[in-house]
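# Results of the structural survey
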Amino acid sequence: MASRVIVPALAAAMLLLLLLAPASNAAISCSDVIKDLRPCVNYLVNGSGKPPAACCAGASALASAASSSADKKAACECIKSAAKNMKPKSQLAQALPGNCGISLPVTISPNVDCSKVG
């Protein structure tokens, strides 16, 4: 008899916890974005030609990780801030996604308008 009461009560408690848990709006962290694009820094600042394989792998990982609109906006703000400090060659930054064979949801530029990303 007690198990007939406990099981529905437990199920109701679990449902209540799920309903009360905050929705996950957590965007990608800036440290994740930097980690993914770190292999690209030297290439974007001093390089020429095709990007190194490690750079393309990181850019691809970022493209996969930044799936939601919040992720894309957060990645954009992080990249914009980093680009202001490292001053990448704009032609290399713009060509990076194509040279890596990926679609990057964010432009690597210190002047990108992140409000239009997503």
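To keep things clear, this report deals only with the structure shown in the data block. What you see is a predicted model, and the numbers here were worked out from it, not measured in a lab.

## A look at the overall build of the protein chain
Counting secondary structure elements, the protein chain contains 6 helices and 0 strands. Going from the N terminus to the C terminus, the protein chain shows its helices and strands as α-α-α-α-α-α. Sorting the 118 residues of the protein chain into buried and exposed places 29% on the buried side. Restricting to contacts in the protein chain with at least 6 residues of sequence separation, those with at least 24 account for 80%.

## With respect to the environment of I102
Relative to the elements of secondary structure, I102 occurs in the segment after helix 6 (90–100). Among the residues examined, I102 registers a relative accessible area of 22% and is labelled partly exposed. Residues I102 and A57, 45 residues apart in the sequence, show an inter-C-alpha distance of 9.9 Å. Residue contacts for I102: discarding those within four places in its chain leaves A59, S60 and P97.

## Thoughts on the environment of V106
Relative to the helices and strands, V106 is located in the segment after helix 6. Judged by its relative accessible area of 5%, V106 is buried. Along the backbone, V106 and V117 are 11 residues apart, and their C-alpha atoms lie at a distance of 7.0 Å. Sequence-distant contacts of V106, defined by excluding residues within four places in its chain, comprise K72, A75, C76, I79 and V117.

## Brief notes about unusual backbone geometry
For K87, which is not a glycine, the phi torsion comes out positive at approximately 50°. The topology assignment puts K87 in the loop between helix 5 (69–86) and helix 6. For K87, a relative accessible area of 60% corresponds to the exposed category.

## Concerning the layout of surface pockets
What the largest pocket holds in volume is close to 150 Å³. Surrounding the largest pocket, V33, I34, L37, R38, V41, L44, C78, I79, A82, A83, M86 and I108 form its lining. Of all the secondary structure elements, the ones that give two or more residues to the lining of the largest pocket are helix 2 (30–37), helix 3 (41–46) and helix 5. For the lining of the largest pocket, the element with the most residues is helix 5, which contributes 5 residues. The class makeup of the residues in the lining of the largest pocket is 11 nonpolar, no polar and 1 charged.

## Overview of the nonpolar core
In terms of nonpolar packing, the biggest core is built from 24 residues, with V33, L37, L44, L62, I79, L96 and I108 touching the most fellow members. Going through the elements one at a time, helix 2, helix 3, helix 4 (53–65), helix 5 and helix 6 are the ones with two or more residues in this core. Excluding anything up to four places from it in sequence, L44 contacts M86, P88, K89, L92, A93 and I108.

Rules of the game
Residues numbered from 1 in each chain as written. Predicted model: local features only at pLDDT ≥ 70, side-chain atom pairs only at ≥ 80, totals over all residues. Heavy atoms only, no water. Helix = DSSP H or I, 4+ residues; strand = E, 2+ residues; numbered from the N terminus. Buried < 20%, exposed > 50% of the residue type's maximum accessible area, 1.4 Å probe, protein only. Contact = heavy atoms within 4.5 Å. 1 Å grid on protein atoms, 1.4 Å probe; cavity = no way out; pocket = protein on both sides within 12 Å on 5 of 7 lines; lining within 4 Å. Points joined across faces, edges and corners; volume = space filled by probe spheres on them. Nonpolar A, V, L, I, M, F, W, Y, C, P; charged D, E, K, R; others polar. Core = buried A, V, L, I, M, F, W, Y, C linked by side-chain atoms within 4.5 Å.

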